[in-house]
Amino acid sequence: MSRPEDPAGPAGPGGTGRPAIPSRAVELRHLRAFLAVAEEGNVTRAAAHLGLTQPAVSRTLAALERHLGLRLVDRSTHHLALTPEGVAFRDKAAAAVAAFDEALDTGRLRHWPLRLGHAWSAFGPYTTPLLRTWQERHPATPLELLRIDDRTAGLTRGEVDAALLRGPVQAPGLVTEVLFTEARVAAVTSDGPLASRTSLRLADLADGPVVVNTVSGTTTPELWPPHTRPAATLTVANTDDWLTAIAAGRGSGVSGASTAAMHPHPGVAYVPLDDAPGVPVLLARRDGPGHPALPKLAALAREIVARG
């Protein structure tokens, strides 16, 4: 791991530099400054976002790096980039800031909402039954369904208390439970030659580009057997751009069956895929203490799936 250089020199007996910052010196402002720089990729814009001067933000970021003993930001280019250590620290810092802001939100203290994230298609056909049944049984705890274009739907960043995710999730510190497995469908241009077919196979899509959502999607070229991988891929960052690209005839796509109901589009036709493996739908939460209503949410999700 790289360590930031302290221009003042080494600290301690015989040293001329300032001493290491004790733990109590790290404050919320350090985390907010780092997150602003990470978001903006530029200290000047981060300072404007925070209402601070550029030197103040630079000093705050440097102080945080000295405390951690790590270089969080690569300053070698005009557009700042996070180091690998900075990328790992970003989610932890975001979760800490979100937890602090949540704790001080007095409007939520009387009715502590349970925030349920999803990147697309939520709970599929069970979405409405889940929301309605929750409201009937737990009216004092609002269930907020939030779409966040992120592989963990904001869970690792502390933006939600739990998340409905699709496909395997490798993020550390999460506990997941498979609720059901969803069939996959092909998404093709509605006026194209494949739209009239009653079903398709993965090989039918391989001759043209395949549109892949690299941020929150579950489809990659590895879904196809090695000898029938797509000729080309087009990458997008969210479901809306995925639909737009397919409707424009720029390629086809593969998604879970619930996408057809949750994201209808006049320019996109959804056709069953005969040979694509199903995609697991997971309920995920962070490992450790969380919202007290999480066990009730998990129990209700299981109950609704069992009802069919």
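Anyway, here's the lowdown on the structure attached to this text. Residue positions are counted from 1 within each chain, in the order its sequence is given. A pLDDT threshold of at least 70 governs which residues receive local features in this predicted model, and a stricter bar of 80 or more applies before side-chain atom pairs are shown or counted, although totals over entire chains, interfaces and linings include all residues. Hydrogen atoms and water are omitted, and side-chain values are computed over all heavy atoms in the structure.

**Quick word on the environment of Ala187**
In this structure, Ala187 sits in strand β7 (residues 184-189). For the pair Ala187 and Trp242, spaced 55 residues apart in the sequence, the C-alpha separation amounts to 9.7 Å. Once residues within four sequence positions are removed from consideration, Ala187 is found in contact with Trp242, Ile246, Ser252, Gly253, Val268, Ala269 and Tyr270. Helix numbers and strand numbers start at the N terminus; a helix is a DSSP run of H or I with at least 4 residues, a strand a run of E with at least 2. Contacts: residue pairs with any heavy atoms within 4.5 Å of one another.

**Some points on the packing of helix α6 (residues 127-137) against helix α10 (residues 294-307)**
A pair of packed helices is characterised by two quantities: the angle between their axes and the separation of those axes. Relative to each other, α6 and α10 sit at 130°, their axes nearing to 10 Å. In terms of axis orientation, α6 runs oblique to α10. The handedness of the crossing between α6 and α10 comes out as right-handed. For the pair α6 and α10, the contacting residues are Pro129, Leu130, Thr133, Trp134 and Arg137 in the first and Lys296, Leu297, Leu300, Ala301, Glu303, Ile304 and Arg307 in the second. Axis angles are defined between N-to-C directions and span 0 to 180 degrees, where every axis is a line fitted to C-alpha atoms and, for a helix, only to the segment in contact. Roughly parallel refers to an angle under 35 degrees, roughly antiparallel to one over 145, roughly perpendicular to one between 65 and 115, and oblique to any angle outside these ranges. By convention, the crossing between two helices is left-handed when the near helix turns anticlockwise from the far helix through less than a right angle, and right-handed when the turn is clockwise.

**Remarks on α10**
Expected helix span is given by 1.5 Å per residue-to-residue step, counting one fewer step than there are residues. Here α10 contains 14 residues, and its C-alpha end-to-end distance of 20 Å stays within 8% of the 20 Å for a straight helix at 1.5 Å per residue. Working definition: with a 1.4 Å probe on protein chains only, accessible area under 20% of the residue-type maximum means buried, over 50% means exposed, and in between means partly exposed. Of the positions making up α10, those classed as buried are Leu294, Leu297, Ala298, Leu300, Ala301, Ile304 and Val305. One side of α10 carries all its buried residues, which in axial view fall inside an arc of 165°. With respect to the buried face of α10, the exposed residues turned more than 90 degrees away are Pro295 and Ala306. Looking at the buried positions of α10, the neighbouring elements they touch are β3 (114-118), α6, β4 (143-147), β5 (162-166), β6 (174-182) and β12 (279-286). Once α10 ends, the next one or two residues include Gly308, with phi positive near 80°. Directions drawn from the helix axis to the C-beta atoms are what define this arc.

**Some remarks on the environment of His138**
Relative to the helices and strands, His138 is located in the loop between α6 and β4. Residue His138 is classed as buried on the basis of its relative accessible area, which comes to 19%. Placed 158 residues apart in sequence, His138 and Lys296 show a C-alpha to C-alpha distance of 9.3 Å.

**So, the side chain of Asn213**
Positionally, Asn213 belongs in strand β8 (residues 209-213). Each polar contact in these results corresponds to two N or O atoms within 3.5 Å; when the atoms are within protein, one needs to be able to donate a hydrogen and the other to accept it, and residues that are neighboring in sequence are counted only if both atoms are side-chain atoms. At a separation of 3.0 Å, a polar atom in the side chain of Asn213 contacts the main-chain amide nitrogen of Val215.

**Some remarks on the packing of helix α1 (residues 28-40) against helix α3 (residues 54-68)**
The contact between α1 and α3 brings their axes to 9 Å, and the two run at 110°. By the angle between their axes, α1 is roughly perpendicular relative to α3. Between α1 and α3, the contacting residues are Arg29, His30, Leu31, Ala33, Phe34 and Val37 on the first element and Val57, Thr60, Leu61, Ala63 and Leu64 on the second. Residues are sorted three ways: Asp, Glu, Lys and Arg are charged, Ala, Val, Leu, Ile, Met, Phe, Trp, Tyr, Cys and Pro are nonpolar, and all the rest, Gly among them, are polar. Tallied by class, the residues present in the contact of α1 with α3 amount to eight nonpolar, two polar and one charged.

**Describing the pairing of strand β11 (residues 268-272)**
With respect to burial, β11 is a largely interior element, four of its five residues being buried. DSSP bridges decide pairing: two strands pair if at least two such bridges lie between them. Alignment of β7 against β11, held across five bridges, turns out to be antiparallel. The partner of Ala187 across the bridge, within β11, is Tyr270.

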